[in-house]
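In case you want the letters, here they are:
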Amino acid sequence: GPGVSNTQQRAAEVYASVIDDGYGGRNTPHHARCDMAASIALYDHYKKHEPSFRNDGRRRHQFAQANGLDLAALGEVDGLVGQFRDLLADAGFVSPSSASSRNANSPNSLLLQCVLVSGLYPNVAVLQRPKVTGRGGSLLTKSKEKAKPHQHSFQSKRVREAGATGKDAYAVYHSKHRSV
């Protein structure tokens, strides 16, 4: 579109492709519609290509820019993944020698959603549908507070365009933030 560079356009196309075909994507056996699955798909996309630029900072930066990725955020995720593997090994859930390998259930994004929901409970909000279609919905927390997902969240459009009728829908959140 107007005002969008070729690099931005390419990054948007890669992002859409990774979301559809990556971890939990529409074109996978374990389709999961959530921000976490999208984030994992992008991280996996980065890790799949990392060996090609591991010792070349310029190529790493070009790859990140071309794919709309934030290198600082990816570095933080790398650190958290390593910390989590160490904790699993310390707790005896995996042997220290196998801590770097993936679990057999790693590709199952629906299982991941179940684990996240159980770990974040009671941070579950239910979709409160509008009385009239076209007004948009909101999320209602356990403490009866109305909330909306962040504008960049995968769930934002779904809540904004919620109709007066439809399936029950839920959202899991880590924390609530008040915006002014």
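Above this text is the structure in question.
The following paragraphs examine the structure supplied in this document. For every chain, the first residue of its written sequence is number 1, and the numbers climb from 1 along that sequence. Owing to the predicted nature of the model, reporting of local features is limited to residues with pLDDT of at least 70; listing and counting of side-chain atom pairs is limited to 80 or more, with chain, interface and lining totals taken over all residues. Side-chain metrics in this entry use all non-hydrogen atoms of the structure; hydrogen atoms and water are not considered.

Focus on the overall build of the chain
Only DSSP runs of H or I reaching four residues or more are called helices, and only runs of E reaching two or more are called strands; each is numbered from the N terminus. When helices and strands are tallied, the chain shows 6 helices and 4 strands. If you list the helices and strands of the chain from N to C, you get α-α-α-α-α-β-β-β-α-β. Per-residue accessibility, obtained with a 1.4 Å probe over protein chains only, is compared with the maximum for each type, and a residue is labelled buried under 20%, exposed over 50%, and partly exposed between these values. When the 180 residues of the chain are sorted by exposure, 27% land in the buried category. We call two residues in contact when some of their heavy atoms are within 4.5 Å. In the chain, once contacts between residues fewer than 6 apart in sequence are set aside, the share between residues at least 24 apart is 53%. Here the open area of atoms and residues is found with the Shrake-Rupley method and a 1.4 Å probe, where only the protein chains shown may cover a residue. Split by element, the accessible area of the chain, about 12700 Å² in all, is 54% carbon and sulfur.

A word on the pairing of strand β1 (residues 124–128)
Taken together, the 3 bridges between β1 and strand β4 (residues 170–172) define a ladder with antiparallel strand orientation. Across the sheet, the residue bridging to Val124 is Val172, located in β4. Bridge count for β1 against strand β2 (residues 138–140) is 3 bridges, and the pairing is antiparallel. Among the inter-strand pairings, Leu127 is bridged to a residue of β2, identified as Leu139. Two strands make a pair as long as DSSP finds a minimum of two bridges between them.

So, the sheet that holds strand β3 (residues 146–147)
One open sheet holds the 4 strands; their spatial order is β3-β2-β1-β4, and the pairing between them is antiparallel. Edge positions in the sheet fall to β3 and β4, since each of these pairs with one other strand and no more. Bridge count for β2 against β3 is 2 bridges, and the pairing is antiparallel. Paired with Leu140 across the bridge in β3 is Lys146.

Focus: the packing of aromatic side chains
The criterion for an aromatic pair is that two Phe, Tyr or Trp rings (for Trp, the six-membered ring) have centres within 6.5 Å, with stacked assigned to planes under 30 degrees apart, edge-to-face to planes over 60 apart and tilted to the rest. Applying the stated criterion to the full structure yields 3 aromatic pairs. Where Tyr46 meets Phe63, the ring centres are 6.5 Å apart and the plane angle is 45 degrees; that geometry is what we call tilted. A residue pair is termed long-range when its members are at least 10 positions apart, and Tyr46 in helix α2 (residues 35–49) and Phe63 in helix α3 (residues 57–66) qualify at 17 residues. Here Tyr46 falls in the buried class, since its relative accessible area comes to 3%. Residue class for Phe63 comes out buried when judged on its relative accessible area of 14%.

Focus on α3
Taken as a whole, α3 has its buried residues at Arg60, Phe63 and Ala64. For α3, the angular spread of buried residues about the axis comes to 95 degrees, placing them on one side. Where α3 begins, one side-chain oxygen reaches toward the backbone nitrogen of Arg58, 3.2 Å away; that side chain belongs to Asp56. Backbone geometry just downstream of α3 places Gly68 in the positive-phi region, at approximately 65 degrees. The arc in question is the one spanned by the directions pointing from the helix axis to the C-beta atoms. Throughout this description, a polar contact denotes any pair of N or O atoms lying within 3.5 Å of each other; where both atoms belong to protein, one of them has to be capable of donating a hydrogen while the other can accept it, and for residues adjacent in sequence the pair is counted only when both atoms sit in side chains.

A closer look at the side chain of Gln155
The topology assignment puts Gln155 in helix α6 (residues 154–160). For Gln155, a relative accessible area of 13% puts it in the buried group. Here the side chain of Gln155 touches Arg158 through a polar contact of 3.0 Å, side chain to side chain.

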